[in-house]
Amino acid sequence: MLLKAMPVLHARTYNIDFRTGKLLIEPESFSRSDADAIYRIATESTRRRELAPPCGRYVIYGSGSYSVVGRTVRFSDLYARCGKEPKYIKVDKDDGRLAYGFVGLMIKAGSQNKPIDLSDELILDIYERCIEKRWEETENDEQAYDTMKIGLMDFEVQPKLAGANYRPIPGQPSRPIILEDNDDLREQIVYAAMSQAFEGKTISLCTSISVVNKDIFSIVTCKDAASKIQEITEAVNRVSADDLRKSEHGPVFPALCHFMKLGSKTMTGRGKTEKPLGMEKQNRVRSLDDLLRETEVPDNNDGSIQKRNRKR
């Protein structure tokens, strides 16, 4: 089916790095605040992108008046998965670094009711049609560092099928929801989040993350989600214990994040770990920022868990 939408592209070009604070391509209808919001989401989705699965990361954002749906990918992977001759994939020089970025569509509220399939072919089509307009720019070009605004374009899309256990998920909760990440559940979660966004609800989802940032995404998926939730919660309780003892009427600290069930499957993984996240061998507590950045993450390919702990 044919969909009218405006492209969004956060990527670099052959000669010029990512534009600081700016998208490379954005919808012509975007205000400054719209552009800033999507820029933050796009840049956050590329953090530690080498730890994402081969499909990259899915991003769903609903503002109420519009939705942005897309994927953060390495572009050479897209060409390989589509079986096409690669281009627009290396930067700085012909044998340079592999390019990556966020590719998506802005869809106005009410113009699309059912979730669409964010297939490799669709994402590659958006990327090629946008990047060709800017790929050869150099720093001497007058508007090389500016965002290019593009209006409605026609895209051939396919409907996305709901999973057997599909159930809606909350839109924009007060605390981040952390869900388990695997191929089957990821597709179901993306369908549910896109349904919410197309209904005009506020929501922000990123899949296969390695770092929880509660200020950007309301829903995330990651490997071994239950352990991450338990470790963060226990560590936060320890961090706040001294403050609670000093106060006659200590404040109540809400849980930093929580999990949920979707259909008949629990979305949160295997369970407990031996030591709370953030606690060193001598039980010395580290800061909350440190806790949020310590995580169990999948490796590049096989989905196994690897520990990444940073000392203060």
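Everything discussed here concerns the structure shown above.
Summarised in this report is the structure supplied together with it. (Residues numbered from 1 in each chain as written. Predicted model: local features only at pLDDT ≥ 70, side-chain atom pairs only at ≥ 80, totals over all residues. Heavy atoms only, no water.)

**Examining the nonpolar core**
The condition that has to hold: We call a set of buried residues a nonpolar core when its members are Ala, Val, Leu, Ile, Met, Phe, Trp, Tyr or Cys and they connect through side-chain atoms within 4.5 Å of each other. The classification of residues rests on relative accessible area computed with a 1.4 Å probe and restricted to protein chains. Under 20% of the type maximum is buried, over 50% is exposed, and intermediate values are partly exposed. Every residue pair with non-hydrogen atoms within 4.5 Å of one another is taken to be in contact.
Ranked by internal contacts, the top residues of the largest apolar core, which has 51 residues, are L9, I60, F75, I116 and Y127. Each residue touching F75, except ones within four places of it in the same chain, is listed here: A11, Y88, I89, A99, Y100, G101, V103 and Y127.

**Details of the packing of aromatic side chains**
Aromatic ring pairs are reported here in terms of the distance separating the ring centres and the angle at which the planes meet. For clarity, the threshold we go by: When the centres of two rings from Phe, Tyr and Trp lie within 6.5 Å, Trp using its six-membered ring, the rings pair. Their planes under 30 degrees apart give stacked, over 60 give edge-to-face, and anything left gives tilted. Each helix is a run of DSSP H or I of at least 4 residues and each strand a run of E of at least 2, with the numbering of both proceeding from the N terminus. Both a distance and an angle decide whether a charge sits over a ring: NZ of Lys or CZ of Arg must be within 6 Å of the ring centre and within 35 degrees of the ring normal.
Scanning the model with the defined rule gives 7 aromatic pairs in all. Look at Y61 and Y66: their rings are 6.2 Å apart centre to centre, the planes differ by 50 degrees, and that puts the pair in the tilted class. There is no split in this pair, since Y61 and Y66 are both buried. Relative to Y127, the ring of Y88 has its centre 6.4 Å away and its plane inclined at 85 degrees; by these criteria the two rings are edge-to-face. Here Y88, found in the loop between α2 (75–82) and β5 (90–91), pairs with Y127, found in helix α3 (residues 120–131); they are 39 residues apart in sequence, far enough to count as distant. With respect to burial, Y88 and Y127 carry one shared label: buried. The rings of Y14, F75, Y88, Y127 and W135 are connected pair by pair, giving a single aromatic cluster. Sitting above the plane of the Y100 ring, R49 keeps its charged end 4.4 Å from the centroid.

**Regarding α2**
Defined as follows: Throughout, the arc means that of the directions going from the helix axis to the C-beta atoms.
Along α2, the residues classified as buried are F75, S76, L78, Y79 and C82. Looking straight down α2, one finds that the buried residues subtend no more than 155 degrees of arc, so they occupy a single side. Elements in contact with the buried residues of α2: β1 (2–11), β4 (66–74), β6 (97–98), β7 (100–108) and α3.

**Some details on helix α4 (residues 183–198)**
Which entries qualify depends on this criterion: Helices are assigned an expected span. That span is 1.5 Å times one less than the residue count. Nitrogen and oxygen atoms within 3.5 Å of one another constitute a polar contact, given that in protein one can donate a hydrogen and the other can accept it, and given that sequence-neighbouring residues count only through two side-chain atoms.
The end-to-end C-alpha separation of α4 is 23 Å, in line with the 22 Å expected for 16 residues at 1.5 Å each. The buried count for α4 comes to 13 of 16 residues, which makes it a mostly enclosed element. Between the side-chain oxygen of the N-cap and the backbone nitrogen of D184 there are 3.2 Å, and the N-cap of α4 in question is N182. Two residues or fewer after α4 comes G200, characterised by a positive phi angle close to 90 degrees.

**Considerations on the environment of S45**
The residue S45 is located in helix α1 (residues 32–45) in this model. Residue classification places S45 among the buried positions, given a relative accessible area of 0%. Considered as a pair, S45 and R71 are 26 residues apart in the sequence and their alpha carbons are 8.7 Å apart. For S45, the side chain forms a polar contact with the side chain of T72, separated by 2.6 Å.

**Some details on the environment of I60**
Within the secondary structure, I60 sits in strand β3 (residues 57–62). Linking I60 and G70, residues 10 residues apart in sequence, is a C-alpha distance of 6.7 Å.

**A short note on unusual backbone geometry**
One non-glycine residue, R48, lies in the positive phi region at around 50 degrees. Looking at the element boundaries, R48 is found in the loop between α1 and β3. Judged by relative accessible area, which is 15%, R48 ranks as buried. At Y88, a position not held by glycine, the phi torsion is positive, near 55 degrees.

**A few points about the side chain of K223**
Convention followed: Residues scored as charged are limited to Lys and Arg (positive) and Asp and Glu (negative), so that His and the chain ends carry no count. A side-chain nitrogen of Lys or Arg and a carboxyl oxygen of Asp or Glu constitute a salt bridge if their distance falls within 4 Å.
By the secondary structure assignment, K223 is in the loop between β12 (219–222) and α5 (225–246). One buried charged residue, K223, remains without a salt bridge, the closest side chain of opposite sign being D181 at 4.3 Å. A polar contact is formed between the side chain of K223 and the backbone oxygen of D181, at a distance of 3.0 Å.

**Quick look at the pairing of β4**
What counts is decided by this rule: A pair of strands counts as paired when DSSP detects no fewer than two bridges linking them.
Within β4, 8 of the 9 residues are buried, which leaves the element mostly enclosed by the surrounding structure. Between β3 and the antiparallel strand that follows it, β4, lie 3 residues; G64 among them carries a positive phi value of about 110 degrees. Here β4 runs beside β7; their pairing, made up of 9 bridges, is antiparallel. Each residue of the ladder has a partner; that of V68, found in β7, is M106.

So far we have only geometry, and geometry alone does not tell us how the molecule works.
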